[in-house]
Structure formats: C-alpha cells, structure tokens
Amino acid sequence: MAGTRSRCKIIQIHRQLRMIRAFLRKLGIIRGFDFDPDRPFLMQKEPRKVREFRRREQEILDTALKLFLDQGEDSVTVEMIADAVGIGKGTIYKHFKSKAEIYLRLMLDYERDLNELLHSADVDKDKEALSRAYFEFRMRDPQRYRLFDRLEEKVVKGNQVPEMVEELHKIRASNFERLTLLIKGRISEGKLEDVPPYFHYCAAWALVHGAVALYHSPFWSNVLEDQEGFFQFLMDIGVRMGNKRKRDPETPSS
C-alpha cells in the first residue's frame with residue numbers, strides 16, 4: 001500500500017509539471033520534449049496567472065472526461081463542457097483549439113502516467129512489481145481505457161491534430177522500450193519464459209483488452225456478478241502469465 005501511495009504521489013506531481021509544460025508550449029517557450037520537469041525554478045517563478053491558467057485547464061480536462069464517460073464523446077459539445085465548468089465557450093478555445101485536442105490531451109496524460117509508473121523507483125527496486133503495477137494501471141478504470149481506445153481510433157482515422165498523435169506514439173514507443181528492457185532483465189534472471197519480449201507485452205495487452213470487452217459486454221457484464229473479484233482474479237493470472245515453468249525431468253526410457 002505504501003508503494004502504491006508513493007507512485008500516486010509521484011504521478012500527481014508530474015501531472016502538475018505537465019500542465020506547466022503544456023502552457024509553456026502554448027506560449028512558444030518550449031517545443032516537443034524540451035521541457036525538463038526536474039528544473040524547480042519554473043515552479044518558483046511561476047506567476048499567479050500561469051497557476052490559474054493551469055488550474056482552469058485541468059478543470060476543463062477533468063470535466064470533459066466525466067462528460068465523455070457519462071454521455072458519450074459524440075454527444076458532448078464544447079458548449080456543454082464550458083457550461084459544466086462554468087465558463088464561456090471562448091475560454092475553452094484559449095486552452096484547446098478543438099474537441100480533438102481535448103481528446104488527445106487526455107490520452108497523452110494517460111500514457112505519460114504509465115511512463116512515469118514504469119520509470120518509478122518502486123519498479124526499479126522490485127521488478128516483480130512490474131506486472132501488478134501494469135495490470136492495476138490498465139484495469140483500474142475499464143471505462144476510461146475503452147474511451148481512450150475509441151478516441152484514438154477517431155483522431156487517427158480523421159487525421160486530427162497529427163502533431164499530438166505523433167507525440168502520443170512517441171510516449172507509447174518509450175513505454176514499449178522500457179517494458180522491453182524490464183522484460184529482458186526478467187528473462188535473463190530466469191523468471192520469465194525465453195521468448196521475444198513483445199510476446200509478453202502483447203499477451204498482457206490482449207488480456208487487458210479482453211477484460212475490458214467483457215466488462216462492457218451486455219451479456220457478460222450480467223454474468224459477472226462479482227466484477228471486482230473477477231478483475232482481481234484476472235489480474236493475478238496476468239501477474240503469473242509468462243513466468244518460466246519448472247520443467248519435469250525427462251523420465252528415462254525403459
């Protein structure tokens with residue numbers, strides 16, 4: 001539990017730093033991955049207007065996410081988001097040029113949170129915590145996971161905000177590289193089956209994707225009377241999945 005709280009605290013701090021980064025990018029002060037979150041002077045010199053801008057932007061994102069989950073992203077308009085926040089429609093456009101930008105900021109923050117989790121000190125200290133941390137992250141909110149899956153398909157098919165899509169894919173590639181490195185280490189230690197690392201990663205993704213599909217299935221969601229218990233059971237399977245099996249010694253032929 002202490003490790004989980006520590007990870008959540010780190011993620012919360014980095015989320016605030018990302019909001020600064022997004023604001024500075026809007027001002028043209030930084031581009032792409034130029035921002036170094038380890039530079040504390042930015043926090044010390046941050047004016048009140050910047051803090052207010054970041055707070056309002058996060059409020060817009062949190063409100064939009066809730067509306068997308070409750071009513072479906074296609075039914076939600078920028079006006080509805082503005083009304084729910086209690087601001088004018090024009091204020092939304094000071095932060096985001098379109099609803100597609102809101103989609104992508106939500107997805108970017110989600111993937112960055114995973115990136116920070118994979119690079120956390122907890123995972124470095126305890127490699128066995130990797131699987132559980134990954135499954136907890138992906139499966140703790142099946143509705144959000146499914147929403148982001150839909151949103152990505154929309155923006156990619158519509159070729160919307162391609163520079164943000166490119167940034168999303170860069171973060172995801174970084175996550176994949178980090179997972180590959182960690183999985184290779186577990187294979188070399190004899191803990192995981194010696195197969196290409198992407199076998200392990202893709203198997204984990206397939207398990208999560210299937211679990212989320214079950215959660216939203218009109219039929220299977222009714223069958224799963226104890227959804228929380230089922231997801232915990234599935235998570236336990238995921239943690240053990242890919243572990244190196246003990247081979248029975250070959251019986252000598254008679």
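Just so it is clear, the model here is predicted, and its values are computed rather than measured.

### Structural notes on the overall build of the protein chain
In step 1: Within the protein chain, the regular secondary structure consists of 13 helices and zero strands.
In step 2: Taken over 254 residues, the protein chain has a buried fraction of 41%.
In step 3: Nonlocal contacts in the protein chain, meaning residues at least 24 apart in sequence, comprise 71% of its contacts between residues at least 6 apart.

### Here's the deal with the packing of helix α6 (residues 99-118) against helix α9 (residues 142-157)
Geometry of a packed helix pair, given as the angle between the helix axes and the separation of the axes.
In step 1: It is at 10 Å that the axes of α6 and α9 come closest, and there the two elements cross at 130°. The angle between α6 and α9 places the two elements in the oblique class. Taken as a pair, α6 and α9 cross one another with a handedness that is left-handed. In contact with Ala 100, Tyr 103, Leu 104, Leu 106, Met 107 and Tyr 110 of α6, α9 contributes Arg 144, Tyr 145, Phe 148, Leu 151, Glu 152, Lys 154 and Val 155.
In step 2: A per-class count over the contact of α6 with α9 returns ten nonpolar, no polar and three charged.

### Here's the deal with a nonpolar patch on the surface
In step 1: Residues Phe 176, Tyr 198 and Phe 199 make up a contiguous nonpolar surface patch of roughly 300 Å² in combined accessible area.
In step 2: For Tyr 198, the location among the structural elements is in helix α11 (residues 197-216).
In step 3: Judged by relative accessible area, Tyr 198 falls into the partly exposed class, the value being 45%.

### Some thoughts on the pattern of salt bridges
Oppositely charged side chains can form a pair if their charged atoms are brought close together.
In step 1: Taken as a whole, this structure holds 21 salt bridges when the rule is applied.
In step 2: When the shortest N-O distance is used, the salt bridge between Glu 79 and Lys 89 registers 2.7 Å. Highlighted residues: Glu 79 in helix α4 (residues 78-85) and Lys 89 in helix α5 (residues 89-95), separated in sequence by ten residues.
In step 3: For Glu 79, a relative accessible area of 36% gives the class partly exposed.
In step 4: We note a salt bridge from Asp 109 to Arg 112, for which the minimum N-O separation is 3.4 Å. Of this pair, Asp 109 and Arg 112 are both found in helix α6, three residues apart, which corresponds to roughly one turn of the helix. Note on accessibility: Asp 109 and Arg 112 belong to one class, buried.

### Regarding α11
In step 1: Across its 20 residues, α11 extends 29 Å between first and last C-alpha, which sits within 8% of the 28 Å expected from 1.5 Å per residue.
In step 2: Buried residues of α11: Pro 197, His 200, Tyr 201, Ala 204, Leu 207, Val 208, Ala 211 and Val 212, and no others. End-on, the buried residues of α11 take up no more than an arc of 130°, which puts them together on one face.

### Focus: helix α8 (residues 129-139)
Since the α-helix packs 3.6 residues into each turn, any two residues three or four apart lie on the same face.
In step 1: Within α8, eight of the eleven residues are buried, which leaves it mostly tucked inside the rest of the structure.
In step 2: Among all positions of α8, only Ala 129, Leu 130, Ala 133, Tyr 134, Phe 135, Phe 137, Arg 138 and Met 139 are buried.

### Quick look at the packing of α9 against helix α10 (residues 162-188)
In step 1: Packing of α9 against α10 brings their axes to within 11 Å, and their N-to-C directions diverge by 130°. Judged by the angle between their axes, α9 and α10 are oblique. Side by side, α9 and α10 meet where Glu 152, Val 155 and Val 156 of the first sit next to Val 165, Leu 168, His 169 and Arg 172 of the second.
In step 2: Taken together, the residues that form the contact of α9 with α10 break down as four nonpolar, one polar and two charged.

### Digging into the environment of Ser 174
In step 1: Mapped onto the secondary structure, Ser 174 falls in helix α10.
In step 2: Along the chain, Ser 174 and Leu 118 lie 56 residues apart, while their C-alpha atoms are 10.0 Å from each other.
In step 3: Residues contacting Ser 174, with those up to four places away along its chain left out, are Asn 115 and His 119.

### A short note on unusual backbone geometry
In step 1: Positive phi, close to 50°, is recorded for Asn 159, a residue that is not glycine.
In step 2: Relative to the assigned elements, Asn 159 resides in the loop between α9 and α10.
In step 3: Backbone geometry places Val 161, a non-glycine residue, at a positive phi of 45°.
In step 4: Within the secondary structure layout, Val 161 lies in the loop between α9 and α10.
In step 5: For Val 161, a relative accessible area of 13% translates into the label buried.

### A look at the confidence of the model for the protein chain
Should the pLDDT be low somewhere, the predicted coordinates at that spot are not to be read in detail.
In step 1: With 77% of its residues at a pLDDT of 70 or more, the protein chain has an overall mean of 82.
In step 2: When pLDDT is averaged over each element of the protein chain, α4 comes out on top at 97 and helix α2 (residues 41-44) at the bottom at 48.
In step 3: The low-confidence segment residues 27-43 (pLDDT under 50) makes 20 contacts with residues lying over four places distant or belonging to another chain.

Quick notes on the rules
- Residues numbered from 1 in each chain as written.
- Predicted model: local features only at pLDDT ≥ 70, side-chain atom pairs only at ≥ 80, totals over all residues.
- Heavy atoms only, no water.
- Helix = DSSP H or I, 4+ residues; strand = E, 2+ residues; numbered from the N terminus.
- Buried < 20%, exposed > 50% of the residue type's maximum accessible area, 1.4 Å probe, protein only.
- Contact = heavy atoms within 4.5 Å.
- Axes fitted to C-alpha atoms, helices over the stretch in contact; angles between N-to-C directions.
- Parallel < 35°, antiparallel > 145°, perpendicular 65-115°, else oblique.
- Left-handed = near helix turned anticlockwise from the far one by under 90°.
- Nonpolar A, V, L, I, M, F, W, Y, C, P; charged D, E, K, R; others polar.
- Patch = residues over 30% accessible without salt bridge, like charges linked within 9 Å, V, L, I, M, F, W, Y side chains within 5 Å.
- Areas by Shrake-Rupley, 256 points an atom, 1.4 Å probe, with all protein chains shown as cover.
- Salt bridge = Lys/Arg side-chain N within 4 Å of Asp/Glu carboxyl O.
- Expected span 1.5 Å × (residues − 1).
- Arc of directions from axis to C-beta.
- pLDDT = per-residue confidence, 0-100.

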